Amino acid sequence: MRILFFLFLFSFLRGVAQPPGQHRGAGGRDSLMQKMPAIGKVTGSVYDSLTQKPAEFASVALMRIRDSVPVAGTLTDHKGNFTMTEVPFGRFILKISSIGYSNYSGTPLFIKPEETTLELGKIFIRPNIKRLKEVEVAGEKSEFINTLDRKVYNLDKNIVNTGGTATEVLRNIPSVTVDIDGNISLRGSGNVNVLIDGKPSGITGATRQAVLQQIPASGIDRIEVITNPSAKYDADGMAGIINIVTKKDKLKGLNANISLGVGSNEKYNLALGGNYRSSKFNVYTNYSFRHEKRAQTSESIRENLYGPAITYNLNQSHGNNLNDAHVLKGGLDYYLSESMTLGIGATASIREENRPEYINYQFEDEARVVTSSFIRENEDEGKNNSIDYNLDFKKTFRKSKAEWTASALYSSAERKSKDVFNTFTDLHELTLKQFQNNETANSITTVQTDYSLPLNTNSKLEAGWKSILRKIDAASDGVNFSPASDTYTSDPRFNDHFIYDEGIHAGYLIYSGRFRKFDYQLGVRGEDYLNSGKSETSSLNFENEYLNIYPSGFLKYNISKNQEVQVSYSRRVNRPESRTLNPFIDYGDTLNVRKGNPEVKPEYVDSYEMSYLKNFDKHSVNVTVYYRYTHNLITRYRFLDQSTNVTTSTFINFSSSENAGAEIVIKNQIGEAISIMTSGNVFQNKINGSNVEAELQSTSTNWNARMTINAKLAKNTSLQLSGMYMAPAVQPQGSFKGMSGVDAGIRQELWKGRGSLSLNVNDIFNTRKMVIRNIGDGYISDMTRTRESRVAMLNFSYRFGSADYNMRKKNQRNQNQQQEPGNMMDDF
C-alpha cells in the first residue's frame, strides 16, 4: 500500500516538473518575453560613497517595472561584487539596501535577446548619517521573528538562562509552559513533538526531560515554535513542534570560544567550541560538561473515604539528585562545489546520575492519630551513554533553481541503573532490602530526502520521503533480602523484559504560491505506522498498523507592508510512547504504583488557527485564535484498590477533548535601551471521558502570561527580567493550584565584545512548586511537590579567532534577512 502511495507521489511530481516558462500565462503585452528563456545576467560592484570601500553583504534586487515584483536577488560578497544570473527578458529597476545606508534605486535597465549581459560597474551607496549609531544594534539578531509557519525566538539576548539547560530556556518562550519535573506543554497541551536540529534524537534514549537536561543553554542558537505544522513535518505532536536549533560555528578562519559557570548548591558547567573554515570545508566541534545537585521534596495526604471510617495516608519525601553530563559534538561540511555540500557529524553523550530518596509513610485514623508507620530509603544510580551520527547532502540546480537534500541519522543509547529499596520500621530497623537492575537499549534510524522545485517566480512544488525505525529493548530483574532470615529471594514484580519496535514511512507533497497580496500553501502527507511490543511479565504481545492521510493548508493576506492576517489548518496525531504501552509495574512508591497500558490507541487532532500581525515603527502585535478537536484523547488515569489501599496510575483513551483559545504576543521597543516582550494565552478545555466513567467530564478556563524585559544599562551592560504565571486549572480527576516565577540576570561585555561576565538568579521568590488535588472513587489526594528552582549562577565566556568581530554582526544581520516574515519558503 505504501509503495503505491510513494509511486503516485513522485509520478505526480515528475508530471508537473516542467520548465518554469511553461507555467506562465501567455496573455498580455509581455507574453512573448515570458515565454523566452531566462538567460540574462547582471553584474556590478557596490561601494561606500564616503570611504570608497566595498559594501559587504548588501542586498541587491531586480524589480520588474510594471508590477514591482522581484525577479532576481543576491548579496554582495566581501569585495562588494554581485552577480545575478537567469534573469528573464524585460524592463527592471535595480535596488540596493544595507543597514546603515540609504536605499539605492537605479535607472531603468533592459534585458533583451540582443543584449543579455549588463555590466553595471561601480555603484556607490550613501551612508545614512542618522542611522550610523544604530548599526551595532541593528546588526543583532531580532529577538522574535514571525514567519508563515513558525515563530522564531533567537537567544542572543538571553541572560537569565546563562549556565542553564534547554529546560530553563523553554520556560521563557511564549506559548510554552514547563512544570517542575520538566514536562513541556504547548498552549496547554503536553502532546508536543520536540526536535533537535529538526530531527528526533536518541541522545538519552529514555525521556524527553533527560534530553533537554543534557543540552546546555550556551549551545542553543534559537527556538522555533510551530503550532500548526505543514505536511512537510512529521505528523507527531498534536499541539505542534518545538525545534531546538543548536549552534554550529561557520565563521571563516580559525575561531574558538570558552565559557565557565558556577552556581549555588554545587552546580558547575564548562563549554568549549570552535571551528575552522576555508573555501572548501568547515570543521567544527563543541564540548560541554555539567555537574548539578538538585534538592526535591514531596508531601502527599490521601483521604480514604471507603470502609466504616475515614482514614488517612501521609507520605513525605526528600532527596538530592546528582548529575554529571558530558556532551561532545563535531562535524565537517565539505563544499564539493558552489552548488553541492556534504556534511557529516556526530554527537556523543555520557550522563551519570544518583537519585536518593527518603520517604516517610504514616497511617492515621479518623481523628488523625498515627496508627502505624514505616520508612523507605531508595537509591537510584544510573549511567547513560549515547551517540548520534548524521550524514547530510545538499544539491542546488542553477537552471531550474531546484534543490535536493538527503540525510541519514543513526542514534544509539544505553541506560544502566541499579536501584536499592530499603524498608525500615519507625525506629529505623531494617525489615526488607530490595535490589533491582535495569538496562535499556534504544536505537533510532532516520532516512530522509526532499526535493523543491520553483515552478515560476511565485510558486513552488515540494515533495519528500522519510522513514524512521525505532527499537527499544528494556530488561530488569530484582531480588529481596530478608534480614530476619538472612536469605535472598527473587521478586517477580521486578522481573521484566520488554521489546518494542516502531516504524514510520511517510511521503508528502506541498504546493506553495503567491497571488497578488496572498501567500498560500496546500499539502498532504501520508504515513504508514507500525508498532509491536512483547512483555515477558504479562506474556502479552501486541502489533498495530495505521495508514493515515494528514492534510494541511495555509493562507496569508498581506494587508500592507506591516500588516497581515493568516488562517491555517492541519491534521496531526499523537502516538503512545513505549512507556505508555509497557504493562510493567513500577513499585518505586509501594502505595502509589505506575504502569503502562498496551491497549491505548493513537489520538488524532484537527487544528485550526487564525492570526493577525501588525508591525509599528518600534512595536508589534501578534494575535492568534485557535481551536483543536481531539479524538481518542490519551490521558493519565488513577484508581484506588480498596482491598490493598494502593493507587495505580496508568494511561487510557478518553472519548474526546476540545481546546479553544487566544494568544497574544506584544513586542515593544522603548527608546534605544529597553525592549519588552509580553505574551498571554487563555483557553477553554473540554474533556469528555464518559466512555470510562459517566462523571469524567470537565470544562475549565485556563490562562498563563509571561513578560521579558531587556534593558541596556550602559554601552556594554545589559539587564534582563523575566516573569511567568500559570493560573489554576481544573482537570478531569482534580485540579492544579497554579504556579509563578521571576528570573533576573545582568551581563557585562568585556574586551570589545569578545568576553562577557553574567550573573543570573532563577525563581527569585522561590514560588515554583506544584500543588495538585486528585479525586477518585473512594479517595481524595492532595500533593505538594518542589524541585530546587531558586538558583544563582555566575558565568564567564570568551571568544577569539581570526574572524573579524564586525563580520559576526553582518552574519547575524543576514540571518535576520533570511528569517523575515515574508520568506514563506523558510524551513529547517
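Residues numbered from 1 in each chain as written. Predicted model: local features only at pLDDT ≥ 70, side-chain atom pairs only at ≥ 80, totals over all residues. Heavy atoms only, no water.

Draft legend 1. Representation of the overall build of the protein chain in the model. The helix and strand tally for the protein chain stands at seven helices and 42 strands. A burial count over the protein chain gives 49% of its 828 residues as buried. Across the protein chain, the fraction of contacts at a sequence separation of at least 24, relative to all contacts at a separation of at least 6, is 66%. Accessible surface for the protein chain amounts to roughly 38,100 Å². Of this, 56% is attributable to carbon and sulfur atoms. (Helix = DSSP H or I, 4+ residues; strand = E, 2+ residues; numbered from the N terminus. Buried < 20%, exposed > 50% of the residue type's maximum accessible area, 1.4 Å probe, protein only. Contact = heavy atoms within 4.5 Å. Areas by Shrake-Rupley, 256 points an atom, 1.4 Å probe, with all protein chains shown as cover.)

Draft legend 2. The arrangement of the sheet that holds strand β3 (residues 70-75) in detail. Ordered in space as β3-β2-β5-β6, the four strands form an open sheet in which the pairing is antiparallel. Edge strands, defined here as strands with exactly one partner in the open sheet, are β3 and β6 (104-111). Ignoring strand direction, the axes of neighbouring strands in this sheet form an average angle of 20 degrees. Relative to strand β5 (residues 90-97), strand β2 (residues 59-64) is paired through six bridges, and the arrangement is antiparallel. (Pairing = 2+ DSSP bridges. Axes fitted to C-alpha atoms, helices over the stretch in contact; angles between N-to-C directions.)

Draft legend 3. Geometry of the pattern of salt bridges. Under the defined criterion, the tally for this structure stands at 31 salt bridges. Close ionic contact of Arg514 with Asp519 constitutes a salt bridge, the shortest N to O distance being 2.7 Å. Classification of Arg514 as partly exposed rests on a relative accessible area of 33%. Of the residues examined, Asp519 reaches a relative accessible area of 1% and is grouped as buried. One salt bridge connects Glu577 with Arg579, and the closest N-O pair in it is separated by 3.4 Å. Judged by relative accessible area, Glu577 falls into the partly exposed class, the value being 41%. The exposure class assigned to Arg579 is partly exposed, which follows from its relative accessible area of 46%. Linked through salt bridges whose partners overlap, the residues forming this network are Asp234, Asp236, Lys466, Arg525, Glu527 and Arg575. (Salt bridge = Lys/Arg side-chain N within 4 Å of Asp/Glu carboxyl O.)

Draft legend 4. Summary view of the nonpolar core. With 24 residues, the main nonpolar core has Leu170, Val176, Ile184, Ile220, Ile223 and Ile244 as its most contacted residues. Looking at this core, the elements that each hand over two or more residues are α4 (166-170), β10 (176-178), β11 (184-186), β12 (192-196), β13 (220-226) and β14 (240-246). Core analysis: the next-biggest nonpolar cluster, separate from the first, contains 21 residues, Leu62, Phe82, Leu94 and Leu109 among them. (Core = buried A, V, L, I, M, F, W, Y, C linked by side-chain atoms within 4.5 Å.)

Draft legend 5. Focus on the pairing of strand β20 (residues 370-396). Across 25 bridges, strand β19 (residues 340-364) lies against β20 in antiparallel orientation. The partner of Gly345 across the bridge, within β20, is Asn390. Turn length for the β19-β20 hairpin, with the two strands adjacent in sequence and antiparallel, is five residues, and the turn residue Arg368 shows positive phi of about 65 degrees. Across 23 bridges, the pairing between β20 and strand β21 (residues 403-425) is antiparallel. Residue pairing for β21: Phe374 is matched across the bridge by Thr425. The antiparallel hairpin formed by β20 and β21 contains six residues in its connecting segment, where Lys401 sits at a positive phi of about 60 degrees.

Draft legend 6. Here's a closer look at the side chain of Asn360. Along the chain, the position of Asn360 falls in strand β19. Apart from the residues lying within four places of it in its own chain, the contact partners of Asn360 are Leu314, Asn315, Gln316, Phe374 and Ile375.

Draft legend 7. Representation of the sheet that holds strand β1 (residues 40-48) within the structure. Spatially, the three strands line up as an open sheet ordered β4-β1-β7, and their pairing is mixed. Looking at which strands have only one partner, the edges of the open sheet turn out to be β4 (81-87) and β7 (117-125). Taken pair by pair, the neighbouring strands of this sheet meet at an average axis angle of 20 degrees, ignoring direction. Sheet topology note: the β1/β7 ladder contains seven bridges and is parallel. Looking across to β7, one finds that Val42 is bridged to Leu118.

Draft legend 8. View of the side chain of Ser781. Inspection of the secondary structure assignment puts Ser781 in strand β41 (residues 779-787). For Ser781, a relative accessible area of 2% puts it in the buried group. Apart from the residues lying within four places of it in its own chain, the contact partners of Ser781 are Ser300, Ile301, Arg302, Arg638, Ile772, Arg773 and Asn774.

Draft legend 9. Local environment of the environment of Ser259. On the secondary structure map, Ser259 appears in strand β15 (residues 253-263). Judged by its relative accessible area of 15%, Ser259 falls in the buried class. Taking the C-alpha atoms as reference points, Ser259 and Arg799, 540 residues apart in sequence, are found 8.7 Å from one another. Apart from residues lying up to four places away in sequence, Ser259 is in contact with Ser218, Asn269, Leu270, Ala271, Phe796 and Ser797.

Draft legend 10. Looking closely at unusual backbone geometry. Phi is positive for Trp751, which is not a glycine, with a value near 50 degrees. On the secondary structure map, Trp751 appears in the loop between β38 (739-750) and β39 (755-762). For Trp751, a relative accessible area of 54% gives the class exposed.

Draft legend 11. Looking closely at the packing of aromatic side chains. Applying the stated criterion across every chain, the model contains 20 aromatic pairs. An angle of 40 degrees between the planes, with centres 4.8 Å apart, marks the rings of Phe518 and Tyr557 as tilted. Of this pair, Phe518 sits in strand β26 (residues 518-535) while Tyr557 is found in strand β27 (residues 540-560), placing the two residues 39 residues apart along the sequence. Judged by relative accessible area, which is 30%, Tyr557 ranks as partly exposed. Measuring from centroid to centroid gives 6.1 Å for Tyr529 and Tyr546, while their planes differ by 20 degrees, and the two rings are stacked. With Tyr529 in strand β26 and Tyr546 in strand β27, this residue pair connects regions lying 17 residues apart in the sequence. Of the residues examined, Tyr529 reaches a relative accessible area of 1% and is grouped as buried. An aromatic cluster is present here, built from Trp751, Phe796, Tyr798 and Phe800 joined pairwise through their rings. The ring of Tyr47 has Lys122 sitting right over it, with the charged end atom 4.8 Å from the ring centre. (Phe/Tyr/Trp six-rings, centres within 6.5 Å; stacked < 30°, edge-to-face > 60°. Lys NZ or Arg CZ within 6 Å of the ring centre and 35° of its normal.)

Draft legend 12. Focus on the confidence of the model for the protein chain. Averaged over every residue, the pLDDT of the protein chain is 83; the share at 70 or more is 86%. Here residues 130-140 scores under 50 on pLDDT; set against residues more than four positions off or in separate chains, the count is 15 contacts. pLDDT under 50 marks residues 803-828. Its contacts with residues more than four places away, or in other chains, come to 73 contacts. (pLDDT = per-residue confidence, 0-100.)

Draft legend 13. The environment of Val593, seen in detail. Counting through the fold element by element, Val593 comes out in strand β29 (residues 592-594). Overall, the relative accessible area of 6% leaves Val593 in the buried class. Remark: the alpha-carbon pair of Val593 and Ser649, spanning 56 residues in sequence, is separated by 6.3 Å. Those residues in contact with Val593 that sit more than four places away from it in its chain are Ile585, Asp586, Tyr587, Val646, Thr647, Thr648 and Ser649.

Draft legend 14. Looking closely at the environment of Asn653. Examined against the element boundaries, Asn653 turns out to sit in strand β32 (residues 646-670). The residues contacting Asn653, other than those within four sequence positions of it, are Glu599, Val600, Lys601, Asn632, Leu633, Ile634, Asn691 and Val692. Here the side chain of Asn653 touches Lys601 through a polar contact of 2.8 Å, landing on its backbone nitrogen. (Polar contact = N/O pair within 3.5 Å; in protein donor to acceptor, adjacent residues only side chain to side chain.)

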